[in-house]
Amino acid sequence: MVSGTANVKVRFAETDAMGVVYHANYLPWFECARLDLIEGVGLSYERLIEEGFHLPVVEVHVEYKHPARFGDEVEIRACIKSKPSVKMKVEYEARANGKLLVTGYTTHVFVNLHGAPVKPPREWTEKLSGKFAKC
């Protein structure tokens, strides 16, 4: 399985007036888990850029199940279920205190330096190939 994990402790600044994590703060946490996934299979986002590619987010979906609060230890897991083509979908789960807090996904598109969609570099498809399973 292709997966990555990030652990964060909720800071006071990440909460809203109701004392729960502000909804948009999950997106940087998703990125942390996504980068752990990429690095965990031996890929480098820096090298991707050096080779003339970018991987922008083109879609985000988040479902909020339970609130996280100041001081909670949150584990965010990212996984990829299928081989990337021009698009790559990364799915996420965030958990704390034994509860599923959030599920979601981001969709990314491989683009060249001019912003045109392109196939992923061979290294990405080779290193991710055959490692998919249910997240």
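Structure's up top.
Residues numbered from 1 in each chain as written. Predicted model: local features only at pLDDT ≥ 70, side-chain atom pairs only at ≥ 80, totals over all residues. Heavy atoms only, no water.

(A) Region of interest: the nonpolar core. Ranked by size, the top nonpolar core spans 33 residues in total, and within it Tyr26, Val74 and Trp124 carry the most contacts. Listing elements by their share of this core, those giving two or more residues are β1 (2-9), α1 (26-40), β4 (73-80), β5 (87-96), β6 (99-109) and α3 (122-128). Examining the composition of this core, we find that six residues originate from one element, α1, more than from any other. Residues in contact with Tyr26, not counting those within four places in the same chain, are Val21, Tyr64, His66, Ala68, Ala94, Leu101 and Val102. (Core = buried A, V, L, I, M, F, W, Y, C linked by side-chain atoms within 4.5 Å. Buried < 20%, exposed > 50% of the residue type's maximum accessible area, 1.4 Å probe, protein only. Helix = DSSP H or I, 4+ residues; strand = E, 2+ residues; numbered from the N terminus. Contact = heavy atoms within 4.5 Å.)

(B) Focus on the pattern of salt bridges. Under the counting rule described, the total for this entry stands at six salt bridges. A salt bridge links Arg11 to Glu14; the shortest N-O distance between them is 3.0 Å. The class of Glu14 is buried, set by a relative accessible area of 7%. Lys65 is the partner of Glu63 in a salt bridge, and the nearest nitrogen-oxygen pair spans 3.3 Å. Residues joined by salt bridges that share partners form a network here, namely Arg47, Glu123 and Lys127. (Salt bridge = Lys/Arg side-chain N within 4 Å of Asp/Glu carboxyl O.)

(C) Region of interest: a nonpolar patch on the surface. A surface patch of nonpolar side chains, about 210 Å² in accessible area, is lined by Leu27, Val57 and Val60. Overall, the relative accessible area of 41% leaves Val57 in the partly exposed class. (Patch = residues over 30% accessible without salt bridge, like charges linked within 9 Å, V, L, I, M, F, W, Y side chains within 5 Å. Areas by Shrake-Rupley, 256 points an atom, 1.4 Å probe, with all protein chains shown as cover.)

(D) Region of the structure containing unusual backbone geometry. Look at Asn97: it is not a glycine, yet its phi comes out positive at around 50°. With respect to the element layout, Asn97 can be found in the loop between β5 and β6. When its relative accessible area of 61% is taken as the criterion, Asn97 is described as exposed.

(E) Expanded view of the sheet that holds β5. Spatial ordering of the open sheet is given by β1-β4-β5-β6-β3, a layout of five strands whose pairing is antiparallel. Each edge of the open sheet carries a strand with a single partner, namely β1 and β3 (57-64). Averaged over all neighbouring strand pairs, the angle between strand axes comes to 20°, with direction disregarded. Here β3 pairs with β6 via seven bridges, running antiparallel. Paired with Val57 across the two strands is His108, which belongs to β6. Packed on one face of the sheet, α1 meets β1, β3, β4, β5 and β6 and runs near 135° to β1. (Pairing = 2+ DSSP bridges. Axes fitted to C-alpha atoms, helices over the stretch in contact; angles between N-to-C directions.)

In short, the description is geometric, and any link to function would need to be established separately.
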